[in-house]
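Structural characterization, general
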Amino acid sequence: ALGLDWDPATAGSVEDELGGVELAAVEDAILHRLRAAGHELVDGALDPDTLALAERLQADHDPER
């Protein structure tokens, strides 16, 4: 959409780098770094319209598809 070429070498995942990492461990590490950097984290909620849109679009972003 932006007219930019995609270089697969510039993308990756935690799994690619470390292998066998649980999602909870990744979440904890990210939250820890944000807090350590002085960011205040607050819980929030998505409005019903946003949740409904996410459900409709989920299939377009499913890597198993």
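Along each chain, numbering runs from 1 in the same order as the chain's sequence is written. For this predicted model, a pLDDT threshold of at least 70 governs which residues receive local features, and a threshold of 80 or more governs which side-chain atom pairs are given and counted, while totals over whole chains, interfaces and linings are taken from all residues. Side-chain figures throughout are based on the complete set of non-hydrogen atoms in the structure, without hydrogens or water.

**What to know about the overall build of the protein chain**
Here is the rule: The way it works is that DSSP assigns letters per residue, a run of H or I at least four long becomes a helix, a run of E at least two long becomes a strand, and they are numbered from the N terminus. Note that the radius of gyration is over C-alpha atoms, with the globule rule given as 2.2 Å times the number of residues to the power 0.38. Exposure classes here rest on a 1.4 Å probe applied to the protein chains alone. A residue is buried below 20% of its type maximum, exposed above 50%, and partly exposed in between. Surface accessibility in these figures is a Shrake-Rupley result with a 1.4 Å probe; residues are shielded only by whichever protein chains are displayed. When charges are counted, neither His nor the chain ends are considered; positive counts come from Lys and Arg and negative counts from Asp and Glu. Charge positions are represented by NZ for Lys, CZ for Arg, CG for Asp and CD for Glu.
A tally of helices and strands in the protein chain yields three helices and zero strands. In the protein chain, the order of α-helices and β-strands from amino to carboxyl end is α-α-α. At 16 Å, the protein chain has a C-alpha radius of gyration far larger than the 11 Å of a compact globule built from 65 residues. Taking the principal axes of its C-alpha atoms as reference, the protein chain extends roughly 35 × 35 × 25 Å. Out of the 65 residues in the protein chain, the part that is buried amounts to 0%. For the protein chain, the accessible area works out to roughly 6400 Å², and carbon and sulfur atoms hold 54% of it. When the 4 basic and 16 acidic side-chain charges of the protein chain are each reduced to a single mean position, those positions are 4 Å apart.

**Some thoughts on the confidence of the model for the protein chain**
Should the pLDDT be low somewhere, the predicted coordinates at that spot are not to be read in detail. What counts is decided by this rule: Scored from 0 to 100, pLDDT reflects the predictor's confidence in each residue.
Overall, the predicted model of the protein chain reaches an average pLDDT of 90, with 98% of residues at or above 70. The secondary structure element of the protein chain with the lowest average pLDDT is helix 1 (residues 14-18), at 88, and the one with the highest is helix 2 (residues 23-36), at 96.

**With respect to a nonpolar patch on the surface**
To be explicit about the condition: For patch building, the residue pool is restricted to those with more than 30% relative accessible area and no salt bridge; the joining distance is 9 Å between like charges and 5 Å between nonpolar side chains (Val, Leu, Ile, Met, Phe, Trp, Tyr). By definition, a salt bridge exists where a carboxyl oxygen of Asp or Glu is found within 4 Å of a side-chain nitrogen of Lys or Arg.
Together, I30, L31, L34 and L41 give the surface a local cluster of nonpolar side chains, amounting to about 300 Å² of exposed area. Among the structural elements, I30 can be located in helix 2. Accessibility expressed as a relative area gives 47% for I30, which makes it partly exposed.

**As for helix 2**
Inclusion rule: Here the expected length of a helix is defined as 1.5 Å per residue gap, with one fewer gap than residues.
Under the 1.5 Å per step criterion, the end-to-end length of helix 2 is 20 Å for 14 residues, consistent within 8% with the ideal 20 Å. A positive phi of about 90° marks G38, the residue just after helix 2.

**Some words on the environment of W6**
Here W6 shows up in the segment before helix 1. Separated by 31 residues in sequence, W6 and A37 have C-alpha atoms that sit 31 Å apart.

**Quick look at the environment of A29**
Here A29 lies in helix 2. Here A29 falls in the partly exposed class, since its relative accessible area comes to 42%. Through-space distance from the C-alpha of A29 to that of V42 is 16 Å; in sequence the pair is 13 residues apart.

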